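Listed below are the residues making up each chain.
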Amino acid sequence: MTELNLHKIEKKILLSLVNHDKIDVDTLASNTDLSMDNVRRGIEWLKYKGLVSVSINKDSIVQFASEKSNDDSSSNKTKNSNSITLPERRIVDSIRSKGQKTIAIGDLAKISGLSNIEFGVGMQNALRNGWLTKAGDNLNLTQNSEKPSDEEALLEKILKQKKMKLSELNDQELHGFTLLKKRPGYIRETIEKFFKISLSSEGKKVVPTIKKDEQEGIGTITAEILSSGKWKNEKFTEIDVSSPVRSYGIGRTHPLTDIINEIREIFVSMGFSEIEGSIIQSCFWNFDVLFTPQDHPARDMQDTFYISNLTDENIDPIISKKVSNFHSKEWNYDWDIEKSMQTVLRTHTTPVTIKYLSESKLSEGRIFSIGRVFRNEKMSYKHLMEFHQIEGVVIGETVNLRDLMGLQKQFYSKLGLNKVKFWPTYFPYTEPSLQSMVFIDKLGKWIELFGMGMFRPEVTQSVGITNNVLAWGGGLERIAMIRYGLDDVRELYDNKLSWLRKQPICPL
Amino acid sequence: MPVVEFPIEDISRIFSDYDLEYVLNMLPFIGLDLEHQDDKNIRLEYSPNRPDFSTFYGISRALKGLLGKEVGIPKFEVQANNNNLINVDPSVSEIRPYIVGMVAKDHKLSNKTIKQIVSMQEDLHNGLGRRRSKASIGFHNLDNVNFPLEYTTMENLSFIPLDHSSELTLTEILSNTEQGKKFGKLLKDSSYPVLRDSKGNVISLPPIINSESTRIRDGVKNLFVEVTGVDKKVVYNVLDNITVTLADIGFKLETVIRQQGNSRDTFNANLNTTLSNIKTDYINKALGLTLTSEDLIDCLRKCRLDATPNDSNSINCMIPSYRIDIFGAIDIVEEVAIGYGLYNIEPSLPKSRLYGNKSRQNYFFDKIRQAMIGMGLIENINFILSNKDIHFKKMNLSGTNFFTVNNSKSDEHDILRKSLLPSLLYSLSKNIHEEYPQKLFEIGPIFGREEAKFEKWSLSCVSAFNGVTFSEIRAILQSLMEVCFNAKFETKQSGNLSFVKGRSADILYNGNVIGQIGEISPLLIDSFKIKMPVAAFELDLTEFLRI
């Protein structure tokens, strides 16, 4: 087989695996004399090339009960960074420190300095270990007391290795483990995952092709190598430039923000200026000015979020008089100003538009807004109770329905959507009203996107506008779903990091 | 949106001289949305302002117009018949004052037609009739109705209601039948409106239920229809729509006379209103077209209206009474567009060329986002509607001065968020299996009653990983303030209960508190089940940027 271009690290790992099967990462690091990072990286590369296989084993791990409490001086278990002294050892040590071999039990309790409980436990274990023998009220120190107990043997081993696999303990240590586990505060047992590395069958074929006479040279270029000029006389080792590496965890804006910004740019490029407005609106601006009768089903609490205990009594008397007249005359009912003072979470961005037109007295211009709107709906894969709406508005003496259609086509084409058709539809505040259908190549079908129309004279006259007003708008999430290939619109608001980290900022 | 469903075969039969595909493709151009289509049936959505689209007959009427097969206002005869009389008792005037009727004869009803009629009745009840509160309809088998009728009120009565086999009393109807429970509450008085025939049989208890004895079924040939209600205009509009449909089905129509005291009146089914003197310029200017009076008249007749030239610059337009969607000249503009065919209108671009810009506010927010992602943070977008559990209970705060919405369909979304931090912590709790460090931020509106402004913009940031400290989160804030605004701020110890005691601070700018920063209290880490230390800040952008 042809020789693969392998990195030095990879070669070291492969060669070291020849004589070992299912070796763990730590061992591999010490066998190859590589750093843990390099070993991990090498394994990643080799796994990608299919030369090693990685299996996951679970093992019980024994370690000190609390790593951090080692330096906790308030603990009366006499732990320090060097050792743990069990109470039975402290008992025999205290006898020995008096230079005696025999002592009365009563005296021993005093000189050991242990609490009653600890002394009791210590005595029990010292006797069981055969370190002390009882003779009446006296205790004799034995030869055995110079040997470590099984518990101590285990503790000694943990002290050296920090963590031990249960499966690697010898019989004595295992016995010590069984005893010590029953005594709270010394050791703990946890389950940990271990990666076992083996050569794959492909890897076994590759190993013989590796040239053992590894070329010497400069590996990682360091500041010292540069300043010493060492690089002038030595070769640089070759590295594997074809291997993928771990990606950076980069910061990013939310995909919805990206689409909002893209649409904002499209509007600006078409000569539109952005306006902002409140999310909480009075019914007056959200519905009444927009010629939506007070008994219209859309105004039901079933469909609209009304704000508890908040009214907006600041209703313009001149506008409200005109609104009242139009409603009473054309919808044939008594318009009630109280109802218009109720407040809602805006159901669309049009109240922002009409308020702006009313206040600014703009007679020629192009404006747009992008913002959150609300519907009291049960959330499902295709409905949200709050979403983003975009709205574009043109006011002018000569603007007309054909212009509205043309602007709409231009807007869509800037989004990359070139097949558009228009159907008549109905909105209470526009006439004529159209809906646009757009062909989405990715889905292979026509979908309904933005609605549009010219503001009715009842609307424009109420706020003192004489020119025609063209408006279009609609939800943004639908476009986001198509772009990011989502079937469930709720995913846009889940903030799942796995999803956010993965979405292309600039989908092709 | 209401829907109408019928067999496709009905279309191919009436439009046998056209390609079916072509006819079906025209449906959206009269304002109908295809909701479903299979081999046999088609289901369309129509706008609630077009109740004349509630049956196949109405749709066929409009399609014939657009295709040029039959144009202008539909013509039908209504015979006068003095025997068809309803005596109206003055007692109804306080409860449900209006009643109008129509008799339709000599057409054998099939189940298919009944289905269309029932669907129309349902849609008229819900739409124009506003769930029967403004108007309700009864269809009856004329052969079991004996004129003259009496429309009066009663406190006690009993009859066999529709779909029942035995007599029920008024009380039983109100408390035991589905319709009684649903519509009985529309009437508040102790006496109820009743329509009785000359033999004393109750034929209808409007708006609740009809009598079983006058039920319409397969094979019935003669109908009596009555509409009652509290809004005269709506009552008339409802019968207008029914009448034209019955005429289209093929019935011969007869008037019904209404007598109250000495005054008599008859419902006029052929009433047209005229919009006079609509300038051709007005229409052309709105549409961007240059149509002549003749063109305009042609377009309007295709929409089943009529029009005549007024003078060289204007037309008069006639509108049949069932077209409740037409208020004034601007509605005629739309009719012209539909009659002309939207597919025939060439899009154009306005001549004005203006220069646009994004808002100052969003300019700032974009810069903040740039700085934040430069520090490796990931942006979140959460819902504004939240709940007290996440917002206050889990945050160890007693919630005050927040906004609640009425009747939310979701318990998890019934208050307006007062800050962004709770949602970010919630977001961390949903991501505990993802790789750390997790550093998130969000910019969004928040809401509170105590402020002069109810709505403010806020920026919040959380950083979660093993070993995160106050210094780490302050470093993010500090870098943001330096890089974005070259702004000097201070942090001054505070006692915010969501943070670790002694590790929280107010953020001060020009002496004003503009936010909070600190290490999140383990109480919160516990309640959110985050399992990892978190440090966070929240900054009032409205106050800081004076936007």
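Residues numbered from 1 in each chain as written. Chains lettered and ligands numbered in written order. Predicted model: local features only at pLDDT ≥ 70, side-chain atom pairs only at ≥ 80, totals over all residues.

Details of the interface of chain A and chain B
As a reminder of what qualifies: Contacts here follow a simple rule: the backbone-placed C-beta atoms of the two residues must lie within 7 Å. Each helix is a run of H or I in the DSSP string that is no shorter than four residues. Each strand is a run of E no shorter than two, and both are numbered from the N terminus. Any residue outside Ala, Val, Leu, Ile, Met, Phe, Trp, Tyr, Cys, Pro, Asp, Glu, Lys and Arg is labelled polar, Gly included; the first ten of those are nonpolar and the last four are charged.
In this complex, chain A contributes 70 residues to the contact, which on the side of chain B involves 67 residues. Ranked by the residues each element gives to the side of chain A that touches chain B, the list is headed by helix H16 (residues 401-414) of chain A, at eight residues. Partitioning the side of chain A that touches chain B into residue classes produces 32 nonpolar, 20 polar and 18 charged.

Comments concerning the sheet that holds strand E13 (residues 386-396) of chain A
Rule in force here: Strand pairing follows a simple DSSP-based rule, namely that at least 2 bridges must link the two strands. The axes used here are C-alpha line fits, helices contributing only the stretch in contact, and every angle between their N-to-C directions lies in the interval 0 to 180 degrees.
The strand order across the open sheet formed by seven strands is E8-E12-E13-E17-E16-E15-E14 (chain A), and the pairing between neighbours is mixed. On the outer flanks of this sheet lie strand E8 (273-274) and strand E14 (420-424) of chain A, each paired with one strand and no other. Taken together, the eight bridges between strand E15 (residues 430-440) of chain A and strand E16 (residues 445-455) of chain A define a ladder with antiparallel strand orientation. Along E16 of chain A, the bridge assignment pairs Leu 434 of chain A with Met 452 of chain A. Taken strand by strand, helix H15 (residues 350-360) of chain A contacts strand E12 (365-374), E13 and strand E17 (468-475) of chain A, and its axis lies near 30° from that of E13 of chain A. Sheet strands in contact with helix H10 (residues 329-340) of chain B are E14 and E15 of chain A, and its direction is about 35° off that of E15 of chain A.

Some remarks on the nonpolar core
For soluble globular proteins, nonpolar side chains are generally found buried alongside one another. All names here are of chain B. Formally: One nonpolar core equals one set of buried Ala, Val, Leu, Ile, Met, Phe, Trp, Tyr and Cys residues connected by C-beta atoms within 7 Å. Any residue whose C-beta has 12 or fewer other C-beta atoms within 10 Å is treated as exposed, any with 20 or more as buried, and any in between as partly exposed, C-beta atoms being built from the backbone.
Leu 300, Val 336, Leu 425, Val 462, Val 534 and Ala 536 are the most contacted members of the largest nonpolar core, which has 151 residues in total. Not counting the four nearest positions on each side in its chain, Val 336 is found in contact with Ile 283, Leu 287, Leu 296, Cys 299 and Leu 300. Counting 53 residues, the second-largest nonpolar core is a separate cluster that includes Ile 203, Phe 224, Val 227 and Ala 269.

As for unusual backbone geometry
For the peptide bond that leads from Glu 431 of chain A to Pro 432 of chain A, omega is -10°, which places it in the cis range. For Pro 432 of chain A, the location among the structural elements is in strand E15. With omega at 0°, the peptide bond leading from Tyr 436 of chain B into Pro 437 of chain B counts as cis. Locating Pro 437 of chain B in the fold gives a position in the loop between helix H13 (421-430) and strand E24 (438-447). Although it is not a glycine, Asp 33 of chain A sits at a positive phi angle of roughly 65°.

Some details on the sheet that holds strand E20 (residues 314-320) of chain B
All names here are of chain B. Strand order in the open sheet formed by three strands is E18-E20-E19, with antiparallel pairing between adjacent strands. Where the open sheet ends on each side, the last strands, each with one partner, are strand E18 (272-279) and strand E19 (306-311). Averaged over neighbouring strand pairs, the angle between their axes works out to 25° when direction is ignored. Relative to E20, E19 runs antiparallel, the two being bridged by five bridges. In the sheet register, Asp 306 faces E20, and the bridge partner there is Met 318.

Quick notes on the pairing of strand E16 (residues 257-260) of chain B
Residue and element names in this part refer to chain B. When strand E5 (residues 85-88) meets E16, the two strands line up parallel, connected through three bridges. Looking at the pairing, Asn 87 lines up with Gln 259 of E16. Sheet topology note: the E16/strand E17 (residues 263-266) ladder contains four bridges and is antiparallel. Within the sheet, the bridge partner assigned to Ile 257 lies in E17 and is Thr 266. In sequence, E16 turns back onto E17 through a hairpin of two residues, with Gly 261 there showing a positive phi of about 60°.

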